[in-house]
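# Chains, contacts and geometry: an overview
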Amino acid sequence: RKEVEQDPGPFNVPEGATVAFNCTYSNSASQSFFWYRQDCRKEPKLLMSVYSSGNEDGRFTAQLNRASQYISLLIRDSKLSDSATYLCVVNGWDSNYQLIWGAGTKLIIKP
Amino acid sequence: ETGVTQSPTHLIKTRGQQVTLRCSSQSGHNTVSWYQQALGQGPQFIFQYYREEENGRGNFPPRFSGLQFPNYSSELNVNALELDDSALYLCASSFGRGLAGNTIYFGEGSWLTVV
């Protein structure tokens, strides 16, 4: 089983729609969780951290479910510019210097 | 825009050769981490350097080695290149030992193709 798993997609979504991604992680001792965005052939960029109580940043909402060991990302009113790969990231459980990355979910927003 | 610069941006090497990739960290950062990202995969942690010493290593063979210099810039060296080493190599800088996923800054990466 992979340490961090994501549906690779692609998710093809019409502009203006709401889309949700899930990510599961294998170790319950994981402490910190993040969503990164990566455009084609570019470096990953932090989208948002994920807090235990859930958090929102504009059209983006992140949730953490420790009991089921998954995190989610919800994008409302999707824009063409949201087209990218979304990577789920977890701080390593055996050290605090390693980030464990999912393989990413590709999102394509259609006009 | 992150202040982290990597070179070269693209290169092609032959199987069995050696390669050196370079990274200049953001001003004030004393920690550099290196990641390998194969096509269609997430980044995989190679190792981290903190104040010129290796501070942690992922599951990569010894032919992957690194250095950090007094100015905190860093090099990643890969010997005896294999076809599977073809990937985007990402450098990330941060401050302090330990790593929070919201305080690291990535360079634009070096694309390595091994033929």
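Residues numbered from 1 in each chain as written. Chains lettered and ligands numbered in written order. Predicted model: local features only at pLDDT ≥ 70, side-chain atom pairs only at ≥ 80, totals over all residues. Heavy atoms only, no water.

## Description of the overall build of chain A
Note the threshold: Strands here mean DSSP runs of E at least two residues long; helices mean DSSP runs of H or I at least four residues long; both are numbered from the N terminus. C-alpha atoms define the radius of gyration in this analysis, and the globule rule sets the expected value at 2.2 Å times the number of residues to the power 0.38. Only protein chains enter the accessibility calculation, which uses a 1.4 Å probe; a residue whose area is less than 20% of its type maximum is buried, one above 50% is exposed, and one in between is partly exposed. Throughout, the Shrake-Rupley method with a 1.4 Å probe supplies accessible areas, and for residues the shown protein chains are the sole cover considered.
For chain A, the count of helices and strands is zero helices and eleven strands. The N-to-C order of helical and strand elements in chain A reads β-β-β-β-β-β-β-β-β-β-β. For chain A, whose C-alpha radius of gyration is 13 Å, the value lies close to the compact-globule estimate of 13 Å for 111 residues. Per-residue burial over chain A gives 45% buried out of 111 residues. Approximately 5,400 Å² of chain A is accessible, and the part contributed by carbon and sulfur atoms is 47%.

## Some details on the interface of chain B and chain A
Note the following rule: By definition in these notes, contact holds between two residues if any of their heavy atoms fall within 4.5 Å. The term buried area refers to how much accessible surface (probe radius 1.4 Å) is lost by two components on association, counted for both of them together. Salt bridges, as used here, are contacts in which a Lys or Arg side-chain nitrogen is within 4 Å of a carboxyl oxygen on Asp or Glu. Contacts described as polar in this section are N or O atom pairs within 3.5 Å, which, within protein, must combine one atom able to donate a hydrogen with one able to accept it, while residues neighboring in sequence count only if both atoms come from side chains. In this classification, Asp, Glu, Lys and Arg are treated as charged, Ala, Val, Leu, Ile, Met, Phe, Trp, Tyr, Cys and Pro as nonpolar, and every other residue, Gly included, as polar.
On the side of chain A, 20 residues touch chain B, which itself brings 25 residues to the contact. Roughly 1,800 Å² is buried in total at the junction of chain B and chain A, and carbon and sulfur atoms are behind 54% of that figure. Put simply, chain B and chain A have zero salt bridges between them. Run the count over chain B and chain A and you get one residue pair in polar contact (both at pLDDT 80 or more). Broken down by element, the residue count for the side of chain B that touches chain A peaks at three residues, all from strand β6 (residues 53-57) of chain B. Along the lines of polarity and charge, the residues of the side of chain B that touches chain A split into ten nonpolar, twelve polar and three charged.

## Looking at the packing of aromatic side chains
The following threshold applies: Two rings from Phe, Tyr or Trp (for Trp, the six-membered ring) form a pair when their centres are within 6.5 Å of each other. A pair whose planes differ by under 30 degrees is stacked, one over 60 is edge-to-face, and the rest are tilted.
Following the criterion strictly, the structure yields eleven aromatic pairs over all chains and no others. Between Y36 of chain A and F106 of chain B the ring centres are 6.2 Å apart and the planes differ by 90°, which places this aromatic pair in the edge-to-face class. Taken together, the residues Y36 of chain A in strand β4 (residues 33-38) and F106 of chain B in strand β10 (residues 105-106) connect one chain to another. Take Y36 of chain A and F106 of chain B: they sit in the same class, and that class is buried. Between W101 of chain A and F106 of chain B, the aromatic rings sit 5.7 Å apart at their centres with planes inclined by 75°, giving edge-to-face as the arrangement.

## So, the state of the cysteines
Cut-off, in case you're wondering: When two cysteine sulfur atoms lie within 2.5 Å, the pair is treated as a disulfide.
For the structure shown, the criterion picks out two disulfides over all chains. Here C23 of chain A engages in a disulfide with C88 of chain A; their sulfurs sit 1.9 Å apart. Disulfide C23 of chain A to C88 of chain A: torsion about the S-S bond roughly -70°, handedness left-handed. Taken together, the residues span a long stretch of sequence, with C23 of chain A in strand β3 (residues 19-25) and C88 of chain A in strand β9 (residues 84-91) at a distance of 65 residues. For C23 of chain A, a relative accessible area of 0% gives the class buried. Taking the relative accessible area as the measure of exposure, C88 of chain A reaches 0% and is therefore buried. The partner cysteine of C23 of chain B in its disulfide is C91 of chain B, sulfur to sulfur 1.8 Å. Between C23 of chain B and C91 of chain B the disulfide shows an S-S torsion of about -60°. By sign, it is left-handed. Here C23 of chain B, found in strand β3 (residues 19-24), pairs with C91 of chain B, found in strand β9 (residues 87-94); they are 68 residues apart in sequence, far enough to count as distant.

## A word on the confidence of the model for chain B
Using the following cut-off: Scored from 0 to 100, pLDDT reflects the predictor's confidence in each residue.
The pLDDT averaged across chain B works out to 92; a share of 95% of its residues lies at or above 70. Mean pLDDT across the elements of chain B ranges from a minimum in β6 of chain B, with 89, to a maximum in strand β8 (residues 74-78) of chain B, with 98.

## Here's the deal with the nonpolar core
To keep things clear, this is the line we draw: We define the nonpolar core as a collection of buried residues of types Ala, Val, Leu, Ile, Met, Phe, Trp, Tyr and Cys that are connected through side-chain atoms lying within 4.5 Å of one another.
Among the nonpolar cores identified, the biggest contains 23 residues, and F21, W35, I71, L73, I75, Y86 and L107 of chain A are the most heavily contacted of them. Among the elements of the structure, β3, β4, β5 (45-50), β7 (60-65), β8 (70-75), β9 and β11 (105-110) of chain A are those that each provide at least two residues to this core. Beyond its immediate stretch of four places on either side in the chain, L73 of chain A contacts V19, A20, F21, W35, L47, M48, F60, T61 and Y86 of chain A. With 20 residues, the next largest nonpolar core counts V4, V32, W34 and L112 of chain B among its residues.

## Comments concerning the side chain of S72 of chain A
Following the sequence through the fold, S72 of chain A ends up in strand β8. Excluding residues that lie within four positions of it along the chain, S72 of chain A makes contacts with F21, N22, W35, T61, A62 and Q63 of chain A.

## Details of the sheet that holds β8 of chain B
All names here are of chain B. Convention followed: One requirement defines pairing of two strands: DSSP has to find at least two bridges between them. Think of each axis as a best-fit line through the C-alpha atoms, taken over the contacting stretch in the case of a helix, with angles from 0 to 180 degrees between the N-to-C directions.
Taken together, the four strands give an open sheet; going across it, the order is β1-β3-β8-β7, and neighbouring strands pair in antiparallel fashion. Across the chains shown, the open sheet's two edge strands, defined by having one partner strand only, are β1 (5-7) and β7 (64-68). The average undirected angle you get between the axes of adjacent strands in this sheet is 15°. Examined bridge by bridge, β7 and β8 share five bridges and lie antiparallel to one another.

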